[in-house]
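A look at the structure
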Amino acid sequence: SVQQLDASHLLAEAMAECIDAERPAAALHLGDQTSGGDFFGMPHAEFTAEVAWLRDTLRSLRAPVHALPGNHDCPEHSADWSVISKAWGNAPGLGETVDVDTTRFVLINAQGFDAD
């Protein structure tokens, strides 16, 4: 398997350390926070725990963290982004505007809209 599920916590912890060492003004995660949601077969309870673990890992950074969901950030075989939305406190389909110095980031949450 090309997925690194067994090493995902090690990789995320290393990523968080590297980001924190750079002392950024903000950190943006632009989706696919998990490696097991969507069609990858991760059981719901494990998926929910993984979402919370990564959120907590990223929130441990000294910089403010802003996150958007990706297409793998919903439970197995569903298009339900409520777990990730609740974890991050984001309303479905709602992004954020983040100002860093003279740069404005407009984070657009494209997940959670109906097919129409």
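Just above sits the structure.
So, a few notes on the structure that sits alongside this text. (Residues numbered from 1 in each chain as written. Predicted model: local features only at pLDDT ≥ 70, side-chain atom pairs only at ≥ 80, totals over all residues. Heavy atoms only, no water.)

**Observations concerning the overall build of the protein chain**
If you tally the helices and strands in the protein chain, you get three helices and four strands. Listing every helix and strand of the protein chain by position from the N terminus yields α-β-α-β-α-β-β. Going through the 116 residues of the protein chain one by one, you find that 39% of them count as buried. Sequence-distant contacts, at least 24 apart, represent 70% of the contacts inside the protein chain between residues at least 6 apart. Surface summary for the protein chain: the accessible area is close to 7,100 Å², and the carbon and sulfur share equals 54%. (Helix = DSSP H or I, 4+ residues; strand = E, 2+ residues; numbered from the N terminus. Buried < 20%, exposed > 50% of the residue type's maximum accessible area, 1.4 Å probe, protein only. Contact = heavy atoms within 4.5 Å. Areas by Shrake-Rupley, 256 points an atom, 1.4 Å probe, with all protein chains shown as cover.)

**A short note on the packing of helix 1 (residues 8–22) against helix 2 (residues 44–59)**
It is at 10 Å that the axes of helix 1 and helix 2 come closest, and there the two elements cross at 20 degrees. The orientation of helix 1 with respect to helix 2, classified from their angle, is roughly parallel. Crossing angle aside, the handedness with which helix 1 passes helix 2 is right-handed. Side by side, helix 1 and helix 2 meet where Ser8, His9, Ala12, Glu13, Met15 and Ala16 of the first sit next to Glu50, Trp53, Leu54, Thr57 and Leu58 of the second. When its residues are assigned to classes, the contact of helix 1 with helix 2 shows six nonpolar, three polar and two charged. (Axes fitted to C-alpha atoms, helices over the stretch in contact; angles between N-to-C directions. Parallel < 35°, antiparallel > 145°, perpendicular 65-115°, else oblique. Left-handed = near helix turned anticlockwise from the far one by under 90°. Nonpolar A, V, L, I, M, F, W, Y, C, P; charged D, E, K, R; others polar.)

**Overview of the nonpolar core**
Formed by 17 residues in total, the largest nonpolar core has its most connected members in Phe47, Val51, Leu58, Leu61, Val65, Ile84 and Trp88. Excluding residues that lie within four positions of it along the chain, Val51 makes contacts with Thr34, Val83, Ile84 and Ala87. (Core = buried A, V, L, I, M, F, W, Y, C linked by side-chain atoms within 4.5 Å.)

**Things to note about a nonpolar patch on the surface**
Together, Leu28, Leu30 and Phe105 make up an exposed nonpolar region whose accessible area comes to about 260 Å². For Leu28, the location among the structural elements is in strand 1 (residues 27–29). On the accessibility criterion, Leu28 (33% relative accessible area) is partly exposed. (Patch = residues over 30% accessible without salt bridge, like charges linked within 9 Å, V, L, I, M, F, W, Y side chains within 5 Å. Salt bridge = Lys/Arg side-chain N within 4 Å of Asp/Glu carboxyl O.)

**Quick word on the pairing of strand 4 (residues 103–107)**
By the bridge criterion, five bridges tie strand 3 (residues 96–100) to strand 4 in an arrangement that is antiparallel. Residue pairing for strand 4: Thr97 is matched across the bridge by Val106. In textbook terms, the turn of a hairpin is the stretch between consecutive antiparallel strands, and for strand 3 and strand 4 this stretch comprises two residues, one of which, Asp101, has a positive phi near 55 degrees. (Pairing = 2+ DSSP bridges.)

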